[in-house]
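Now for the letters of each chain:
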Amino acid sequence: RHYLSLVKRRTGHARFRESVLDGYASRCPLCRLRHRELLDAAHIVSYSEGGGHRVTNGMSMCKIHHAAYDSDILGVRPDGLAQVRRDVLEETDGPMLRHGLQEVHGAKLYLPRKPTLRPSVDALEKRWARFRVLG
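So, how was this worked out
- Residues numbered from 1 in each chain as written.
- Predicted model: local features only at pLDDT ≥ 70, side-chain atom pairs only at ≥ 80, totals over all residues.
- Heavy atoms only, no water.
- Buried < 20%, exposed > 50% of the residue type's maximum accessible area, 1.4 Å probe, protein only.
- Helix = DSSP H or I, 4+ residues; strand = E, 2+ residues; numbered from the N terminus.
- Arc of directions from axis to C-beta.
- Contact = heavy atoms within 4.5 Å.
- Salt bridge = Lys/Arg side-chain N within 4 Å of Asp/Glu carboxyl O.

A. Summary view of helix α1 (residues 13-23). Those residues of α1 lying buried are Phe16, Val20, Leu21 and Gly23. For α1, the buried positions fall inside an angular range of 160° around the axis, keeping them on one side. Facing away from the buried side of α1, by more than 90 degrees, are the exposed residues Ala14, Arg15 and Asp22. Residues of α1 that are buried sit in contact with β1 (39-43) and β2 (58-62). Directly beyond the C-terminal end of α1, a positive phi value near 55° is found at Ala25.

B. Molecular detail of the pattern of salt bridges. Taken as a whole and judged by the stated rule, the model has 9 salt bridges. In this structure, Asp22 and Arg36 form a salt bridge, with 3.0 Å as the shortest nitrogen-oxygen distance. Of the two residues, Asp22 is situated in helix α1 and Arg36 in the loop between α1 and β1; the sequence distance between them amounts to 14 residues. The exposure class assigned to Asp22 is exposed, which follows from its relative accessible area of 52%.

The following block contains the structure:
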């Protein structure tokens, strides 16, 4: 069976994705994955909370890290260090949890070389404050 669905897309999102991924040389700043088809442009401050489609409000992330970031399982401090929520650090599960999330705790993010493409410190501080409350 098939059905037809209508999808609403935000204007400018495709350009935002391409610009962010280009700025990060098509890699995840946490795990260094370089498969562009497995990367997303993650908003630091969500679009619904007023974060726009500016390169400085985005980070290239693989799908697992993007989902963890959006779920506040993973946070990024304003100084560029990754932090994983304590309960997830203490959890015992398979290799994806251990290698994909727990081992990025405390890792320094790879950031774009050009300062104009790096994440906004203000955006990181705002998002970090949210992670500290929720995570």
